[in-house]
Amino acid sequence: MVPTVGERSGGSVAKPTQADEERAGVRLTNLDQPLFEDAGVSKRELVDYLDAVADRLLPQLRDRPLSVIRARPGQPPFMQKNLPKYAPAWLRSVSMWAESSRREVRYALCDDRRGLLWFANQRAVEYHPTLVTVEAPDQQPYLVLDLDPPGPGGFAQAVTAAALVRQVLTDAGLDGAVKTSGAKGLHVYVPVAAPAPVDTVAAATRALAARAERLDPALATTAYLLEEREGKVFLDAGRAGGATVVAAYSPRIRPGTPVSFPVPWADLAEVTPADFTVRTAAGLLADHDPWAAALPGPQQLPRDLIEEGEAIPIGRVQAMHEGRRRAREADRPER
């Protein structure tokens, strides 16, 4: 019999133990197991945390194709895009073309507490929704810049780069909110007024990244290829359309299990990603949703910003062409 609820283990549902319980009709199993190596928390603590922040996390996941990163015992963490066949019938899904894998993928739609608890029981630690919804896959409600420092100790560099991004936003008449990625960097979000075609938002994102790079090219770079970044903060402007970004309040598979967490602009220099974890974040939230409160209202993107971005090549496409050029050079016989 294929399990529909309960953690899959060896093709069967584990027998109930003292470490099992049920919430919202979902059987939760093996709750006292360590979550993953160096997590510092148990599976029960993951479930409790996600349950505590469900009303703030779910609005970011609802109606968006979802990828998760799971941490199963004895296995390396892995990203799951395709909803497994043993998923319960009540969990909504949608089939979409995945450009990265060049195939149709059956994505889950995590719309409610029951769905979130089911994913938690599957040891889904990280939650990466797409930027578009299933109802409007050609419209992008947020412009997102991912600030990726060169190493684990580079968060201070990311904070400095965030100040550049905020400056170019202000110069363009725009406002945004910032959160830790939960790993080593930061995410800057700008809500965009509808209609906001994906290509238009993507172009404006490239222009903002280029403008921030020009403010301090010794600190920030838009170079897509890792070997060309020279130890600088990568201003990743490639989050568009079906691309995903880890949701605010989502845990990450990192030592201590940090979470992606909103931070006021003025406080960025006073925090580290490790300040916000599965054990501390819910208490910091109390009854508030600082991410929803920090996000400004939807804004019109300036025409000059869009036009500037339309003239900038897409980073991954440019990198692909460069890779092919290098391959041809390598295959060319010496004379």
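Residues numbered from 1 in each chain as written. Predicted model: local features only at pLDDT ≥ 70, side-chain atom pairs only at ≥ 80, totals over all residues. Heavy atoms only, no water.

Going by an unreviewed UniProt entry, the chain carries the name ATP-dependent DNA ligase and comes from Natronosporangium hydrolyticum.

So, on to the packing of aromatic side chains. On inspection of all chains with the given rule, the structure shows 7 aromatic pairs. Considering the side-chain rings of Phe119 and Tyr127, the 6.4 Å spacing of their centres and the 85 degrees angle between planes classify their relative orientation as edge-to-face. Residue class for Tyr127 comes out buried when judged on its relative accessible area of 0%. On the numbers, 6.0 Å between centres and 80 degrees between planes, the contact of Tyr249 with Phe261 is edge-to-face. With Tyr249 in the loop between β14 (233-236) and α6 (281-285) and Phe261 in the loop between β14 and α6, this residue pair connects regions lying 12 residues apart in the sequence. (Phe/Tyr/Trp six-rings, centres within 6.5 Å; stacked < 30°, edge-to-face > 60°. Buried < 20%, exposed > 50% of the residue type's maximum accessible area, 1.4 Å probe, protein only. Helix = DSSP H or I, 4+ residues; strand = E, 2+ residues; numbered from the N terminus.)

Moving on to the pairing of strand β9 (residues 124-129). Of all 6 residues in β9, 6 are buried, a share of seventy percent or more. In terms of strand pairing, strand β5 (residues 66-70) meets β9 through 5 bridges, oriented antiparallel. Looking at β9, one finds that Val68 is bridged to Tyr127. (Pairing = 2+ DSSP bridges.)

Below, the discussion takes up the packing of helix α5 (residues 198-215) against helix α8 (residues 303-310). Contact geometry for α5 and α8: axes closest at 7 Å, N-to-C directions at 85 degrees. Comparing their axes, α8 and α5 come out roughly perpendicular. Residues Thr200, Ala203, Ala204, Arg206, Ala207, Leu208, Ala210, Arg211 and Arg214 of α5 lie in contact with α8, whose contacting residues are Asp304, Leu305, Ile306, Glu308, Gly309 and Glu310. Classifying every residue of the contact of α5 with α8 by side-chain character gives 7 nonpolar, 2 polar and 6 charged. (Axes fitted to C-alpha atoms, helices over the stretch in contact; angles between N-to-C directions. Parallel < 35°, antiparallel > 145°, perpendicular 65-115°, else oblique. Contact = heavy atoms within 4.5 Å. Nonpolar A, V, L, I, M, F, W, Y, C, P; charged D, E, K, R; others polar.)

Attention now moves to unusual backbone geometry. Glycine aside, residues mostly have negative phi angles, and peptide bonds mostly take the trans form. Put simply, Ala194 and Pro195 share a cis peptide bond, and its omega is -5 degrees. Topologically, Pro195 is positioned in the loop between β12 (186-191) and α5. For Glu230, which is not glycine, the phi dihedral falls at a positive 55 degrees. By the element assignment, Glu230 lies in the loop between β13 (220-221) and β14.

Quick look at the environment of Ala162 now. In this fold, Ala162 is placed in helix α4 (residues 155-171). Along the chain, Ala162 and Leu186 lie 24 residues apart, while their C-alpha atoms are 7.6 Å from each other.

This next bit is on α4. Helix length check: α4, at 17 residues, gives a terminal C-alpha distance of 24 Å against a target of 24 Å (1.5 Å per residue), a fit within 8%. Buried residues of α4: Phe155, Ala158, Val159, Ala161, Ala162, Leu164, Val165, Val168 and Leu169, and no others. Taken together, the buried residues of α4 touch β10 (142-148), β11 (177-180), β12, α5, β13 and β14. A positive phi of about 75 degrees marks Gly173, the residue just after α4. (Expected span 1.5 Å × (residues − 1).)

Viewed as axis vectors pointing N to C, α4 and α5 meet at an angle of 120 degrees, and their least axial separation amounts to 9 Å. Classified by chirality, the crossing of α5 by α4 is right-handed. Across the interface between the two elements, Leu164, Val165, Gln167, Val168 and Leu169 of α4 pack against Leu208, Arg211, Ala212 and Leu215 of α5. (Left-handed = near helix turned anticlockwise from the far one by under 90°.)

Looking now at the sheet that holds β10. Spatially, 5 strands are ordered β11-β12-β10-β14-β13 in an open sheet, and the strand pairing comes out mixed. Each edge of the open sheet carries a strand with a single partner, namely β11 and β13. Here β13 runs beside β14; their pairing, made up of 2 bridges, is parallel. Residue Ala220 lies in a different strand from β14, and its bridge partner there is Val233. Running over the sheet, α4 touches β10, β11, β12, β13 and β14 and is turned about 20 degrees from β12. Running over the sheet, α5 touches β10, β13 and β14 and is turned about 40 degrees from β10.

On to the side chain of Arg211, then. Examined against the element boundaries, Arg211 turns out to sit in helix α5. By relative accessible area, which is 17% here, Arg211 ends up buried. Within polar-contact distance, the side chain of Arg211 engages the side chain of Asp304 at 3.1 Å. Ignoring sequence-local partners within four residues, the contact set of Arg211 consists of Val168, Ala172, Asp304, Leu305 and Glu308. (Polar contact = N/O pair within 3.5 Å; in protein donor to acceptor, adjacent residues only side chain to side chain.)

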